[in-house]
Amino acid sequence: QVQLVESGGGLVQAGGSLRLACAASGIIFSVNTMGWYRQAPGKQRELVAKITSNGRTNYADSVKGRFTISRDNAKNTAYLQMNSLKPEDTAVYYCNVPTFARDYWGQGTQVTVSS
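Predicted model only: the values in this text are computed from it and were never measured.

Draft legend 1. Focus on the environment of Asn 73. With respect to the helices and strands, Asn 73 occurs in the loop between β7 (67–72) and β8 (77–82). Apart from residues lying up to four places away in sequence, Asn 73 is in contact with Phe 29 and Ser 30.

Draft legend 2. Focus on unusual backbone geometry. Phi is positive for Asn 76, which is not a glycine, with a value near 50 degrees. With respect to the helices and strands, the residue Asn 76 is situated in the loop between β7 and β8. A positive phi angle, close to 50 degrees, is found at Ser 84, a residue other than glycine. By the secondary structure assignment, Ser 84 is in the loop between β8 and β9 (91–98).

Draft legend 3. Quick peek at the sheet that holds strand β3 (residues 18–25). With antiparallel pairing, 4 strands are arranged side by side in an open sheet as β1-β3-β8-β7. Strands at the two margins of the open sheet, each flanked by one partner only, are β1 (3–7) and β7. Adjacent strand axes in the sheet meet at a mean angle of 15 degrees, parallel and antiparallel pairs treated alike. When β7 meets β8, the two strands line up antiparallel, connected through 6 bridges.

Draft legend 4. Summary view of the environment of Val 63. One can find Val 63 in the loop between β6 (57–59) and β7. Residues in contact with Val 63, not counting those within four places in the same chain, are Arg 38 and Val 48.

Draft legend 5. Layout of the packing of aromatic side chains. Scanning the entire structure with this criterion turns up 2 aromatic pairs. Residues Tyr 37 and Trp 105 carry aromatic rings whose centres are separated by 5.0 Å and whose planes lie at 70 degrees to one another, so their mutual orientation is edge-to-face. Of this pair, Tyr 37 sits in strand β4 (residues 34–39) while Trp 105 sits in strand β10 (residues 103–105), and the two are 68 residues apart along the sequence. Taking the relative accessible area as the measure of exposure, Tyr 37 reaches 22% and is therefore partly exposed. Aromatic side chains Tyr 94 and Trp 105 sit 6.5 Å apart centroid to centroid with 85 degrees between the ring planes, which places their arrangement in the edge-to-face category. Of this pair, Tyr 94 sits in strand β9 while Trp 105 sits in strand β10, and the two are 11 residues apart along the sequence. With relative accessibility at 33%, the residue Trp 105 sits in the partly exposed group. Clustering of aromatic rings is evident, with ring pairs tying together Tyr 37, Tyr 94 and Trp 105.

What counts, and where the lines are drawn
Position labels on residues start from 1 in each chain and follow its written sequence. Where local features are concerned, this predicted model is filtered to residues with pLDDT of at least 70; where side-chain atom pairs are given and counted, the filter is 80 or more; whole-chain, interface and lining totals use all residues. Calculation of side-chain values draws on the structure's entire complement of heavy atoms; hydrogens and water are dropped beforehand. Think of it this way: any DSSP run of H or I at least four residues long counts as a helix, any run of E at least two long counts as a strand, and we number them from the N terminus. Working rule for contacts: check all heavy atoms of both residues, and any pair within 4.5 Å makes them a contact. When DSSP finds two or more bridges between a pair of strands, those strands are recorded as paired. Axis definition: a line fitted to C-alpha atoms, over the contacting stretch in the case of helices. Angles run 0 to 180 degrees between N-to-C directions. The rule is short: rings of Phe, Tyr and Trp, with Trp giving its six-membered ring, pair when the centres are within 6.5 Å, and they are stacked under 30 degrees, edge-to-face over 60, tilted in between. Think of it in three bands: residues with accessible area under 20% of the maximum for their type are buried, residues over 50% are exposed, and the middle band is partly exposed, with areas taken using a 1.4 Å probe on protein chains only.

In structure tokens, the structure reads:
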């Protein structure tokens, strides 16, 4: 049974930082791409960043230079370091693992950035 559990969300002032973590179980973590998505109220879920099994990364234009995705295969965990946070970064952040059979999602963690 695949499980993705996010942590690290919270309330932060604009300009602050947060580090999200996604702990995975039930999959061969090291061979899978990991992604972070977010969904703000009234908006569609959007890709924030992803990292492939060999460490190649991809970012949404809106977070380039501020967010960094990384992974620790020994801990089956992916991270999203978020710096210089803006109010528009407020959303529920979800961890994602796309596999051949289906996509897996975590339950989400709320990030709120106050101005």
